[in-house]
Amino acid sequence: KARLAAWEQLGERQAKAQGVCLQSEKERARACEELLAGWHAAVWGPDAQELSQDPKTLSTLRALHGRSSSSLQQAWKDTVQLAAECLGEDGSEELSRAAERYKAMLKEIKSNLDRMKVLEAAAPAPRGPSSAPNARSTETVEAASAQSGTTSEAVPSPAAVPQPAAAAAQPEAVPEAAAQEEDEAE
């Protein structure tokens, strides 16, 4: 009888843990969506041409995209694994859709990076040391980050994030490699 009670309690805990994982996943996806929406506005919006006048801000934005690409790639892997573990249970379809959305987000990151290359190519040649960065484009990126609750200081460098031994041995993924891996996974 005690064994049966323990099994029932374990089943209840498993259901609670699964619910917490699903809720956590929803929150992570929402935060990523908000961040990408802000960056999309900065890179593709009406003030995007001003970014080409500010190479420092453009470089910072490119670095943040690279870091996010690595995070999104890991989120995709996590959701695929979690969906497989929950196969047939409540939430498995939702997790599968979330994994697909992470793949789409990786494509958005690549699209933003491609757009930044175009903006850089359209940038006028530097005028010398007296050229000051364009404060308005810096404000645009800061506003996009603030909208999502993220700043460049809030995003840790990949080296600062503890990783399992197997992950630490792998080279850091670049956005182009992440997009290629995601295409291969399809």
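> How do you make sense of the overall build of the chain when you look at a structure like this?
Regarding its fold elements, the chain presents 7 helices and 0 strands. The order of α-helices and β-strands along the chain, N terminus first, is α-α-α-α-α-α-α. Relative to its full complement of 186 residues, the chain shows a buried share of 32%. For the chain, restricting intrachain contacts to residue pairs at least 6 apart in sequence, the fraction spanning at least 24 positions comes to 84%. On the chain, roughly 11600 Å² of surface is accessible, and the fraction owed to carbon and sulfur atoms is 56%.

> Whenever I open this one, the packing of aromatic side chains confuses me. Can you help?
The geometry of two aromatic rings is summed up by the distance between their centres and the angle between their planes. Overall, the coordinates contain 0 aromatic pairs when judged by the stated rule. Stacked on the ring of W44, the Lys or Arg R115 has its end atom at 5.0 Å from the ring centre.

> Just to check I follow, could you spell out the pattern of salt bridges for this structure?
Close approach of charged atoms allows side chains of opposite charge to pair. For the structure shown, the criterion picks out 10 salt bridges. K26 is the partner of E94 in a salt bridge, and the nearest nitrogen-oxygen pair spans 3.4 Å. You can see E94 sitting in helix α4 (residues 92-122) and its partner K26 sitting in helix α1 (residues 2-44), a full 68 residues away along the chain. Assessed through its relative accessible area of 39%, K26 is described here as partly exposed. The closest approach of N and O atoms between D78 and R28, which form a salt bridge, is 3.3 Å. In this pair, D78 sits in helix α3 (residues 55-85) while R28 sits in helix α1, placing the two residues 50 residues apart along the sequence. Through salt bridges with shared partners, a single ionic network connects E25, R28 and D78.

Criteria and cut-off values
- What you see as residue numbers is a count from 1 along each chain, following the sequence as written.
- Local features in this predicted model are restricted to residues of pLDDT 70 or higher, and side-chain atom pairs are both shown and tallied only at a pLDDT of 80 or more, whereas totals for entire chains, interfaces and linings draw on every residue.
- Based on all heavy atoms of the structure, the side-chain values leave hydrogens and waters out of the count.
- Helix numbering and strand numbering both begin at the N terminus, where a helix is a DSSP run of H or I of at least 4 residues and a strand a DSSP run of E of at least 2.
- Three exposure classes are used, based on accessible area relative to the maximum for each residue type with a 1.4 Å probe and protein chains only: buried under 20%, partly exposed in between, and exposed over 50%.
- Residue contacts are counted whenever heavy atoms from the two residues lie within 4.5 Å of one another.
- Reported accessibility uses the Shrake-Rupley method at a 1.4 Å probe radius. Residues are deemed covered only where the shown protein chains occlude them.
- Any Phe, Tyr or Trp ring, taking Trp's six-membered ring, that has another such ring centre within 6.5 Å forms a pair; planes under 30 degrees apart are called stacked, those over 60 apart edge-to-face, and the others tilted.
- To sit over a ring, a charge needs its Lys NZ or Arg CZ within 6 Å of the ring centre and within 35 degrees of the ring normal.
- Just to be clear on terms, a salt bridge is a Lys or Arg side-chain nitrogen sitting within 4 Å of an Asp or Glu carboxyl oxygen.

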